[in-house]
Amino acid sequence: MNDARTSEESGRLRSISGAALLVEYAVSRGLPVASLLSGSGISENQLQDPGTEITLAQEIALTRNVVGALDDEPGMGLMAGLACHAPNFGVLGFAAMSSPTLRRAAEIVLQYADLSFTFAHHILEDHGQEFWFIRDDSAVPADLHRFVLERDLAAIATVVQDVLGSRLPMVRAEIAVEPHPIYEMFGTLLGVDKIVFGTERSVLIGNSSALDQPMPQSNPVTARYYERQCSDLIQQRRNRTGLSGRVRELLIRHGGVADQAHIAADLDVSVRTLRRRLASEGTTFREVSNETVGLLAEEMLIAGLTVEHAAERLGYSSVSAFTSAFRSWRGQSPGQFARAHRGRATVRV
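Quick summary incoming for the structure in this document. (Residues numbered from 1 in each chain as written. Predicted model: local features only at pLDDT ≥ 70, side-chain atom pairs only at ≥ 80, totals over all residues. Heavy atoms only, no water.)

### Here's the deal with a positive patch on the surface
Short version of the rule: A patch consists of residues whose relative accessible area exceeds 30% and which take part in no salt bridge; residues with like charges are grouped when within 9 Å of each other, and nonpolar side chains (Val, Leu, Ile, Met, Phe, Trp, Tyr) when within 5 Å. Here the accessible surface of atoms and residues is derived via Shrake-Rupley with a 1.4 Å probe, and residues count as covered only by protein chains that are part of the display. One side-chain nitrogen of Lys or Arg within 4 Å of one carboxyl oxygen of Asp or Glu is enough to make a salt bridge. By the counting rule applied here, Lys and Arg register as positive and Asp and Glu as negative, while His and the ends of each chain are not counted. Where a charge lies is defined by one atom per residue type, namely NZ (Lys), CZ (Arg), CG (Asp) and CD (Glu). Elements are defined by DSSP. Helices are runs of H or I of four residues or more, strands are runs of E of two residues or more, and each kind is numbered from the N terminus. For every residue, the accessible area (1.4 Å probe, protein chains only) is compared with the maximum for its type, and the residue is labelled buried under 20%, exposed over 50%, or partly exposed between those bounds.
A cluster of basic residues, R246, R272, R276 and R277, forms a positive patch on the protein surface. Of all the elements, helix 14 (residues 271–280) adds the most residues to the positive patch, at three residues. Tracing the backbone through its elements, the reader meets R276 in helix 14. Exposure remark for R276: the relative accessible area of 51% places this residue in the exposed category.

The structure is reproduced here in structure tokens:
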């Protein structure tokens, strides 16, 4: 996908952890910190504070500086990914490590992806006896696709090794880069012999039964604690004030079904002014809308509505379209979410 879509998501808030790891890797390659941070709006002090939040646009600017300084050579992203380990991501890493199964660990990481290193989107799908871990690069600028893909796949393999004590349980992989001799490393990292390069999208495929194996450091109490910490961090970002808070209120009033033009009219401003003022608050209409619809969907499912009724009330043309959108928000299907959370007190939006 192109920079236009990336621009729409540029205000998305993210943990500093991924950026800090990338800078650490680049410095190990002999690059000066000042040049890496140039134009990103990120300071050296922020890199040292794990509580710092930056925007997707800032992380993209930093990544461009790194890729440009490394001459974008194939394999550089792989080296960066090997430096990523579960504990580097704080509460998210500990939540994954203490999960009961690999499946639950994957669901947590997908659900709270903005606390991690990746700014691509990933979903986990069941296909009979196989699971498919599907990557969506639409939020990644074209000039960064290769480096970020390399980095993310190597990081995923390394983090799984950390939390599981063994390699990824993959049977085959499809990777959206052209073949290169250095990519023989993918076979070792992913533990697969069958790899297809140059595909339209990247997919990791494994046996579904592998996801149900218990995690070596599983601890229900610890898992609940750290998952709550992840939830609280994300919720803090969702607590909208100012204009974005008013946009959220209007979207809720419309049941989540309203486009940018309708909301701008309700606020008696032009669409252009709405975009500019939301940008000044570090967000976009798409982000607030997706966030609000996602929260409404969660509330409906927790309250006992069927997936079909939730999809209809939120204005989706089909259950499959709603399911696809819900997977992108939560990393799991609405049916799986409903079974896990039904009966719990409804969330507040």
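Okay, back to it.
### A short note on the state of the cysteines
By definition, a disulfide links two cysteine residues through a covalent bond between their sulfur atoms. Put simply, the rule is: Only a pair of cysteine sulfur atoms within 2.5 Å qualifies as a disulfide here.
Per the stated rule, a full pass over the model turns up zero disulfides. We note that C84 lacks a disulfide partner, and the nearest cysteine sulfur, in C230, lies 17 Å from it.

### A look at the packing of aromatic side chains
The line we're drawing: Two aromatic rings from Phe, Tyr or Trp, using only the six-membered ring of Trp, form a pair when their centres are within 6.5 Å; if the ring planes differ by under 30 degrees the pair is stacked, by over 60 it is edge-to-face, and anything between is tilted.
Summed over the entire model, instances satisfying the criterion amount to nine aromatic pairs. When the ring of Y183 is compared with that of F197, the centres are 5.9 Å apart and the planes differ by 20°; the resulting orientation is stacked. Taken together, the residues Y183 in the loop between strand 5 (170–175) and helix 10 (184–190) and F197 in strand 6 (residues 194–197) connect sequence positions 14 residues apart. Where F322 meets F326, the ring centres are 5.9 Å apart and the plane angle is 55°; that geometry is what we call tilted. Placement of both F322 and F326 in helix 17 (residues 319–330) is noted, with a separation of four residues, approximately one turn of the helix. Overall, F322 belongs to the buried group, its relative accessible area being 0%. Judged by relative accessible area, F326 falls into the buried class, the value being 0%. Among the aromatic residues, those joined into a ring-pair cluster are Y316, F322, F326 and F337.

### So, the sheet that holds strand 4 (residues 130–136)
Rules: Two strands qualify as a pair provided that DSSP identifies no fewer than 2 bridges between them. Every axis in this analysis is a line fitted to C-alpha atoms, fitted for helices over the stretch in contact. Angles between the N-to-C directions lie between 0 and 180 degrees. Two residues form a contact once any of their heavy atoms are found within 4.5 Å.
Within the open sheet, the five strands sit side by side as 3-4-7-5-6. Their pairing is mixed. Every other strand in the sheet has two partners, leaving strand 3 (121–127) and strand 6 as the edge strands with one partner each. Neighbouring strand axes in the sheet, compared pairwise and without regard to direction, differ in orientation by 15° on average. With respect to the sheet, helix 8 (residues 102–111) is in contact with strand 3 and strand 4, its orientation differing from that of strand 3 by roughly 145°.

### Some details on unusual backbone geometry
If a residue is not glycine, its phi is most likely negative; likewise, a peptide bond is most likely trans. The backbone phi angle of D268 is positive, close to 60°, even though this residue is not glycine. Looking at D268, the relative accessible area reads 70%, which means it is exposed.

### Some remarks on the side chain of T158
Take T158: it is sitting in helix 9 (residues 145–164). Relative accessible area serves as the criterion here: at 9%, T158 is assigned to the buried category. If near-sequence neighbours (up to four positions away) are discounted, T158 is found in contact with G81, L82, C84 and H85.

### Here we look at helix 12 (residues 242–253)
Selection rule: By definition here, a helix of n residues has an expected span of 1.5 Å times n minus one.
Taking 1.5 Å of rise per residue, twelve residues should cover 16 Å, and helix 12 covers 17 Å from first to last C-alpha, within 8% of that figure. Residues L243, S244, G245, V247, R248, L250 and L251 constitute the buried set of helix 12.

### Topic: the packing of helix 12 against helix 14
The packing of two helices is summarised by the inter-axis angle and the distance between the axes. Inclusion rule: Note on angle classes: values under 35 degrees are labelled roughly parallel, values over 145 roughly antiparallel, values of 65 to 115 roughly perpendicular, and the remainder oblique. Residues were grouped as follows: Ala, Val, Leu, Ile, Met, Phe, Trp, Tyr, Cys and Pro as nonpolar; Asp, Glu, Lys and Arg as charged; and all remaining residues, including Gly, as polar.
Between helix 12 and helix 14, whose axes approach to 8 Å, the crossing angle comes to 120°. Judged by the inter-axis angle, helix 12 sits oblique to helix 14. On helix 14, the residues touching L243, S244 and V247 of helix 12 are L274, R277 and L278. The residue makeup of the contact of helix 12 with helix 14, split by class, is four nonpolar, one polar and one charged.

### A word on helix 9
Each full turn of the α-helix corresponds to 3.6 residues, which orients residues three or four apart in the same direction. Its 20 residues give helix 9 an end-to-end C-alpha distance of 28 Å, which sits within 8% of 28 Å, the value for a rise of 1.5 Å per residue. G165 lies just past helix 9 and shows a positive phi near 80°.

### Structural notes on the pairing of strand 5
Every other side chain in a regular strand lies on the same face of the sheet, so the side chains alternate between the two faces. As a reminder of what qualifies: By definition, the crossover connecting two strands over a helix is right-handed if that path, from the first strand to the second, turns clockwise as seen with the strands pointing away from the viewer.
Bridge count between strand 5 and strand 7 (residues 203–207): four bridges; the pairing is antiparallel. From the neighbouring strand, M170 faces strand 7, where its bridge partner is G206. Across four bridges, the pairing between strand 5 and strand 6 is parallel. When the sheet's bridge partners are listed, I175 is paired in strand 6 with F197. Where the polypeptide runs from strand 5 across helix 10 and back to strand 6, its parallel neighbour, the crossover connection is right-handed.

### Quick look at the nonpolar core
In plain terms, the rule: In this description, a nonpolar core means a group of buried Ala, Val, Leu, Ile, Met, Phe, Trp, Tyr and Cys residues linked to one another through side-chain atoms lying within 4.5 Å.
Counting 37 residues, the largest nonpolar core has V163, L168, I175, F186, L190 and L204 as the members making the most contacts within it. Elements supplying a minimum of two residues to this core: helix 7 (90–97), helix 8, strand 4, helix 9, strand 5 and helix 10. It is helix 9 that provides the largest number of residues to this core, a total of ten residues. Contacts of L190, omitting those with residues within four sequence positions, involve A157, L168, M170, A173, I175 and L204.

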